[in-house]
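# Coordinates in review
Residue-level listing of the chains:
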Amino acid sequence: MKLTADLIIDAGMAVFAQTGYHGFSVRQVADRLDVHAGSLYYHVPSKAALLQLMADRVARQAYEAGTAALASLPAQAGWPARVTAQAVALRQSIRQHPGGAIMLAGSPKTLSPGALSLMERLLATLAEAGVPPEHCGTAADTVLSHVTGYVLQEQSDPPAVPVTAEDVAALHQSFPWTVAAAAAHEPDEKFTRSLDLLCAGIETLIRPPSEGPPSEGAPAEEPDGGSQR
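My aim in this report is to walk through the structure given alongside it, one point at a time.

Scoring rules and cut-offs
Residues numbered from 1 in each chain as written. Predicted model: local features only at pLDDT ≥ 70, side-chain atom pairs only at ≥ 80, totals over all residues. Heavy atoms only, no water. Helix = DSSP H or I, 4+ residues; strand = E, 2+ residues; numbered from the N terminus. Contact = heavy atoms within 4.5 Å. Axes fitted to C-alpha atoms, helices over the stretch in contact; angles between N-to-C directions. Nonpolar A, V, L, I, M, F, W, Y, C, P; charged D, E, K, R; others polar. Core = buried A, V, L, I, M, F, W, Y, C linked by side-chain atoms within 4.5 Å. Buried < 20%, exposed > 50% of the residue type's maximum accessible area, 1.4 Å probe, protein only.

### Digging into the environment of A69
Tracing the backbone shows A69 in helix α4 (residues 47-71). Taking the C-alpha atoms as reference points, A69 and T84, 15 residues apart in sequence, are found 9.5 Å from one another. Leaving out residues up to four positions away in the same chain, A69 has contacts with A85 and A89.

Structure, rendered in structure tokens:
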């Protein structure tokens with residue numbers, strides 16, 4: 001088998017799904033490919049470089065999915081719909097990769113072009129919506145962090161201890177609000193509703209356009225808001 005960067009990334013993704021970030025090593029990737037670790041370094045110079053390539057693949061797939069989602073929106077779609085389309089596509093994309101949320105969360109630190117492209121497009125969407133520059137970065141970070149955190153929960157392992165009927169009854173008794181909230185909506189609907197809340201919060205940051213100075217001859221206002229007499 002001829003080694004290529006794509007084959008190494010494929011093997012790296014499979015190993016990462018089993019080991020997570022801290023247990024990941026180039027030697028394990030080489031073992032999966034049944035080659036010596038040294039032969040991988042011709043294509044991928046380091047563990048950090050391999051992790052960057054893996055994160056970039058996930059991010060690029062998410063970017064392409066977001067492009068398709070945006071293209072399917074009607075021309076008159078507002079900025080909340082555009083933000084939601086990008087976030088939904090991102091969630092669907094990273095869910096396809098066990099550990100994809102972890103890789104994506106760390107990808108900006110590795111300067112992954114794919115992850116930076118996701119951020120750039122989301123920032124542009126928010127800026128075009130009228131979010132002030134000083135708030136755009138925080139708003140975009142909040143949306144992306146929410147998506148990765150949501151998927152991290154979805155991809156987490158089930159409880160090690162079996163949950164019995166008695167356990168469920170006890171939870172209902174002790175935490176009725178929490179149990180009711182958890183069961184209120186299906187995961188997809190819950191995710192969409194959470195994006196609605198985020199967009200509603202971001203909308204409060206959008207400043208209305210300035211009305212400009214009063215026209216010539218218009219009555220001036222008193223400091224207390226009353227008109228001059």
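### Focus on the packing of α4 against helix α7 (residues 113-129)
Where α4 meets α7, the axes come as close as 7 Å, and the angle between the chain directions of the two elements is 35 degrees. Between α4 and α7, the residues in contact are D56, A59, R60, A62, Y63, G66, T67 and L70 and P113, G114, A115, S117, L118 and R121, respectively. For the contact of α4 with α7, the class distribution of residues is 7 nonpolar, 4 polar and 3 charged.

### Observations concerning the nonpolar core
Counting 48 residues, the largest nonpolar core has V29, M54 and L126 as the members making the most contacts within it. When residues no more than four places from it in sequence are discounted, the contact partners of V29 are I8, A11, G12, V15, F24, L40 and L50.

Everything listed is a geometric property; what it means functionally is a separate question.
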